[in-house]
Amino acid sequence: MTLFYSLYFLMLGFTLGSFFNVVGLRLPKGVLFKDERSYCPHCYHTLRWFELIPLISFMLQRGKCRHCQKCISPLYPIMETVNGIMFVLCYSLIGFQVELFLALAFISLFHIILVSDFVYMVIPDKVLLTFFCLFIVYRLYVPLAPWWNALLGGFIGIALTAAIILLSNGGMGGGDMKLFGLIGFVLGWKLLLLTLFLSTLTGALISSVLLMTGVIKRDQPFPFGPFIAISAVSSFFSGNIIIGWYVQTFF
Ligand SMILES: [Zn+2]
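Just so it is clear, the model here is predicted, and its values are computed rather than measured.

Rules and cut-offs
Residues numbered from 1 in each chain as written. Predicted model: local features only at pLDDT ≥ 70, side-chain atom pairs only at ≥ 80, totals over all residues. Heavy atoms only, no water. Core = buried A, V, L, I, M, F, W, Y, C linked by side-chain atoms within 4.5 Å. Buried < 20%, exposed > 50% of the residue type's maximum accessible area, 1.4 Å probe, protein only. Helix = DSSP H or I, 4+ residues; strand = E, 2+ residues; numbered from the N terminus. Contact = heavy atoms within 4.5 Å. Donors = N, O, S within 2.8 Å, 3.2 Å for Na, K, Ca; no water. Tetrahedral: all angles 85-135°; square planar, octahedral: opposite > 155°, others 65-115°. Axes fitted to C-alpha atoms, helices over the stretch in contact; angles between N-to-C directions. Parallel < 35°, antiparallel > 145°, perpendicular 65-115°, else oblique. Left-handed = near helix turned anticlockwise from the far one by under 90°. Nonpolar A, V, L, I, M, F, W, Y, C, P; charged D, E, K, R; others polar. Phe/Tyr/Trp six-rings, centres within 6.5 Å; stacked < 30°, edge-to-face > 60°.

Colleague: Mind laying out the nonpolar core, listing which residues take part and the relevant values?
Modeller: With 55 residues, the main nonpolar core has Phe106, Leu109, Phe110, Phe135, Leu179 and Ile183 as its most contacted residues. Of all elements in the fold, only helix H1 (2-26), helix H3 (75-94), helix H4 (98-120), helix H5 (125-141), helix H6 (149-168), helix H7 (174-187), helix H8 (189-212) and helix H9 (225-250) reach the threshold of two or more residues within this core. When residues of this core are assigned to their parent elements, the largest contribution, 13 residues, is made by H4. Beyond its immediate chain neighbours, meaning those up to four positions away, Ile183 contacts Phe106, Phe110, Gly188, Leu192, Thr195, Ile228 and Ala232.

Colleague: Break down the coordination of the zinc ion for me, with residues and values.
Modeller: Coordination of the zinc ion by the protein comes from Cys40 (SG), Cys43 (SG), Cys65 (SG) and Cys68 (SG), over a distance range of 2.3 Å. In this structure, the zinc ion is surrounded by 4 donor atoms whose angles at the metal cover 103 to 117 degrees, and the resulting shape is tetrahedral. Counting along the primary sequence, the residues that act as donors to the zinc ion give the motif C-x2-C-x21-C-x2-C. Placement of Cys40 in the loop between H1 and helix H2 (56-60) and of Cys65 in the loop between H2 and H3 is noted, with a sequence separation of 25 residues between them. Judged by its relative accessible area of 5%, Cys40 is buried.

Colleague: Give a description of the packing of H1 against H4 that names residues and reports values.
Modeller: Orientation of H1 relative to H4, taken along the N-to-C sense of each, is 40 degrees, at an axis distance of 9 Å. Compared by their axis directions, H1 and H4 come out oblique. Considering how the two elements wind past one another, H1 and H4 form a crossing that is right-handed. Only Leu100, Leu104, Ser108, His111, Ile112, Val115, Ser116, Val119 and Tyr120 of H4 make contact with H1, whose side of the interface consists of Phe9, Gly17, Phe20, Asn21, Val23, Gly24 and Leu25. Looking at side-chain class alone, the contact of H1 with H4 contains 10 nonpolar, 6 polar and no charged residues.

Colleague: Describe the side chain of Asn83, with residues and values.
Modeller: Inspection of the secondary structure assignment puts Asn83 in helix H3. Other than its neighbours up to four places away in sequence, Asn83 contacts Gly13, Leu16, Gly17, Phe20, Ile107 and His111.

Colleague: I'd like to hear about the packing of aromatic side chains, residue by residue, with values.
Modeller: All told, the structure shown has 20 aromatic pairs when counted by the stated rule. Ring plane angle 80 degrees and centroid distance 5.3 Å describe the contact between Tyr8 and Phe9, whose orientation is recorded as edge-to-face. Phe9 gets classed as buried once you look at its relative accessible area, which sits at 5%. Feature note: the residues Phe4, Tyr5, Tyr8, Phe9, Tyr91 and Phe96 constitute an aromatic cluster, connected by ring pairs.

Below you can see the structure in the form of structure tokens.
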């Protein structure tokens, strides 16, 4: 039965992943619901159902549009695969508990944000607001202990990021600030601080390496969303273990 549910969550992850790609790509352009059919971004040929099967279509067409033969960005199948794997991972780590819903929502939020941050360098407000409503309902049903932990986490997330934006002269954006507020609200203040620490550390390390190797130039905008996403998911699953280890080692 576990295998059956694992396969189920893998397929669900692939399919929803394909939908999240569309949301992340279309929402910042304001065309999410205007044109419901998917199309090739190069030749605008409307895609048929067999060109829209997550992963399989990409592999069968060898990563190219059937009409104009231009390359389809590997970002889409990569994100679909990651989404599928993350859904199975959530299920196998949590099982059928109420937290599974939170984990899947968390993964879904980050998937959409990653796509729009990669492509447009934007974290859409509508996505943050939609998930914020969802998380409020969840936290009313499953509150953090103590109850003010979620509010304090949200406040610290916004205040600290605002301070970083002011001090670093635009090292992070307004979207990052709202996202940290949201993460603080969901995870509470301790895991928020851990997420902030891990994401700035990995972000600074990777961007320095990319700068030194000439992959990116100084003053070139750099998407910070992926680092926040990976750090928040790590904090969600193993934050308490990391904090416990830290306290035991250094105090
Ligand atoms: Zn095309």
